[in-house]
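Examination of the molecular architecture
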Amino acid sequence: MPTRRTALALLLSAGSPALAQQPRPQQRPPQGLSLSAPRTLMAGAMATAFISRAPANARLAISRPADPPEAAIVASPLGQATVLSLPAPGEVGSYEWRLLGEADGKPMILLRQLLTTTAPSATLAAPARVARGNPLPVRGIGPNGDRDRVVLVKPDAPPDAQGPSFFPAENVESTLEAPAEPGIYELRYVMDAPLTGPRVLARREVVVE
């Protein structure tokens, strides 16, 4: 059995602020801070978030819900901006918008909002045949991420192959110059999103004569 002196020492140790671990108070988000962003989005698409009263060092991020504050699939500092666009992950799933600040030099989640991505798709329109070196009017609509491309390449080319191309995020219609070498080519919509990298969403055969 513990002596009276031992029991008294244990009691004092348990109640002492110097010896007992105290719970660390959580920092509260700044008053009036808000985050408004889409809750459902096509995978790979660009999405715009509206933020108010964010602290000077704030960042906007998209992460997996279980990820720690320092982990982000994509993130960008806010600076003085109150509106910011980020590309959604290219994989279908459940994610989380996060507004991040700092506490003791470490990232801290100020606000969060769920984000669900749906299956990406794309459509292409262009003439089936074109004379070599001639202009080829093309239309491509898909997730329209900031790195997505509509490109004309050989059918066996890898997803990241280069060729006459344009960025549908800037304009969904453009005119490409047909290659000088005749043959069968492939018009592609290539999504290039976080987590997936280049991925062909749509294809259309074009014969260069």
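A short tour of the structure in this document, coming up. (Residues numbered from 1 in each chain as written. Predicted model: local features only at pLDDT ≥ 70, side-chain atom pairs only at ≥ 80, totals over all residues. Heavy atoms only, no water.)

**What to know about the pairing of strand β5 (residues 74-77)**
The side chains of a regular strand alternate, first on one face of the sheet and then on the other. Only one face of β5 is covered, namely the face carrying V74 and S76; the face carrying A75 and P77 is uncovered. The sheet contact formed by strand β4 (residues 59-63) and β5 spans four bridges and is antiparallel. In the strand pairing of β5, I62 is matched with V74. (Buried < 20%, exposed > 50% of the residue type's maximum accessible area, 1.4 Å probe, protein only. Helix = DSSP H or I, 4+ residues; strand = E, 2+ residues; numbered from the N terminus. Pairing = 2+ DSSP bridges.)

**Section: the side chain of R149**
Checked against the element boundaries, R149 lands in strand β12 (residues 149-153). We note that R149 is buried and unpaired, the nearest opposite charge coming from D192 at a distance of 6.0 Å. Here the side chain of R149 touches A161 through a polar contact of 3.3 Å, landing on its backbone oxygen. (Lys, Arg positive; Asp, Glu negative; His and termini not counted. Salt bridge = Lys/Arg side-chain N within 4 Å of Asp/Glu carboxyl O. Polar contact = N/O pair within 3.5 Å; in protein donor to acceptor, adjacent residues only side chain to side chain.)

**Looking at the pattern of salt bridges**
In a structure, side chains of opposite charge can pair up when their charged atoms sit close to one another. Inspection of every chain in the model, using the stated rule, returns seven salt bridges. The partner of R98 in a salt bridge is E96, and the shortest N-O contact between them spans 2.6 Å. A single burial state applies to R98 and to E96, both of which are buried. Its salt-bridge partner being E186, residue R203 comes within 2.9 Å of it at the nearest N-O pair. In this pair, R203 is assigned in strand β16 (residues 197-208) and E186 in strand β15 (residues 183-193), connecting sequence segments 17 residues apart. Residues joined in a network through salt bridges with shared partners are E96, R98 and R112.

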